[in-house]
Amino acid sequence: MRFYIAADTASFDHAREVSAVLTRNGHEQTYDQMANGDIRRDGAERMSGVSFNQTRAVRDAELVIALLPGGQDMHTELGVAIASRSNKRVILWSESGDEFMPDERTCVFYFHPYLERLVCPFDELLTILDTDRIDII
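Residues numbered from 1 in each chain as written. Predicted model: local features only at pLDDT ≥ 70, side-chain atom pairs only at ≥ 80, totals over all residues. Heavy atoms only, no water.

## Observations regarding the overall build of the protein
Part 1: Looking only at helices and strands, the protein features four helices and five strands.
Part 2: When its helices and strands are written in sequence order, the protein yields β-α-β-α-β-α-β-β-α.
Part 3: Taken over the C-alpha trace, the protein has a radius of gyration of 14 Å; the compact-globule value for 137 residues is 14 Å, and the two agree within 12%.
Part 4: For the protein, the spread of C-alpha atoms along the three principal axes comes to 40 × 40 × 30 Å.
Part 5: Considering only residue pairs separated by 6 or more positions, the protein has 71% of its internal contacts joining residues 24 or more positions apart.
Part 6: About 7600 Å² of surface is accessible on the protein, with carbon and sulfur atoms providing 49% of the total.
Part 7: Charge separation in the protein, taken as the distance between the mean sites of 14 positive and 23 negative side-chain charges, equals 5 Å. (Helix = DSSP H or I, 4+ residues; strand = E, 2+ residues; numbered from the N terminus. Rg over C-alpha atoms; globule rule 2.2 N^0.38 Å. Contact = heavy atoms within 4.5 Å. Areas by Shrake-Rupley, 256 points an atom, 1.4 Å probe, with all protein chains shown as cover. Lys, Arg positive; Asp, Glu negative; His and termini not counted. Charge placed at Lys NZ, Arg CZ, Asp CG, Glu CD.)

## As for the pattern of salt bridges
Part 1: Under the definition given, this model contains seven salt bridges.
Part 2: Put simply, arginine 24 and aspartate 130 hold a salt bridge, and the shortest N to O gap is 3.1 Å. Taken together, the residues span a long stretch of sequence, with arginine 24 in helix α1 (residues 12-24) and aspartate 130 in the segment after α4 (122-129) at a distance of 106 residues.
Part 3: Of the residues examined, arginine 24 reaches a relative accessible area of 54% and is grouped as exposed.
Part 4: For aspartate 130, a relative accessible area of 38% puts it in the partly exposed group.
Part 5: A salt bridge links arginine 59 to aspartate 60, with the nearest nitrogen and oxygen atoms 3.2 Å apart.
Part 6: The class of aspartate 60 is partly exposed, set by a relative accessible area of 28%. (Salt bridge = Lys/Arg side-chain N within 4 Å of Asp/Glu carboxyl O. Buried < 20%, exposed > 50% of the residue type's maximum accessible area, 1.4 Å probe, protein only.)

## Details of the packing of helix α2 (residues 44-60) against helix α3 (residues 72-83)
If you want to describe how two helices pack, look at the angle between their axes and the distance between the axes.
Part 1: Packing of α2 against α3 leaves a shortest axis separation of 9 Å and a crossing angle of 40°. Here α2 is positioned oblique relative to α3, judged by the angle of their axes. In terms of crossing hand, the pair formed by α2 and α3 is right-handed. Counted together, Gln54, Thr55, Val58 and Arg59 of α2 and Glu77, Val80 and Ala81 of α3 form the full contact between these two elements. (Axes fitted to C-alpha atoms, helices over the stretch in contact; angles between N-to-C directions. Parallel < 35°, antiparallel > 145°, perpendicular 65-115°, else oblique. Left-handed = near helix turned anticlockwise from the far one by under 90°.)

Here is the structure:
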């Protein structure tokens, strides 16, 4: 299965761990955004190329895992995943579930019917993903 991990730069360590588990189980990452690091000061041309590649990678993935809390880019990736959903699974992970409390701070798209919300400690997420049958989540 081809996968994409949507994460804010502050969550790249978690994203790397998720990628390692999925890759170890034979899944293929469509794009490694962590390899870019924070490119927001690299200029318009660089950001244009990276954003194009990330959009294509999200669209081509069969599984998108979005790690909360997320920044602007992660939310955009989540929107692309929802919009290009055909045969795609989109999991939105939160360690505490606080982001899913309906109040003025929440993102309404966290409640989109195409998303699966998963609340658990990060170690448990890794355990869940550490299988060759990702469909059991």
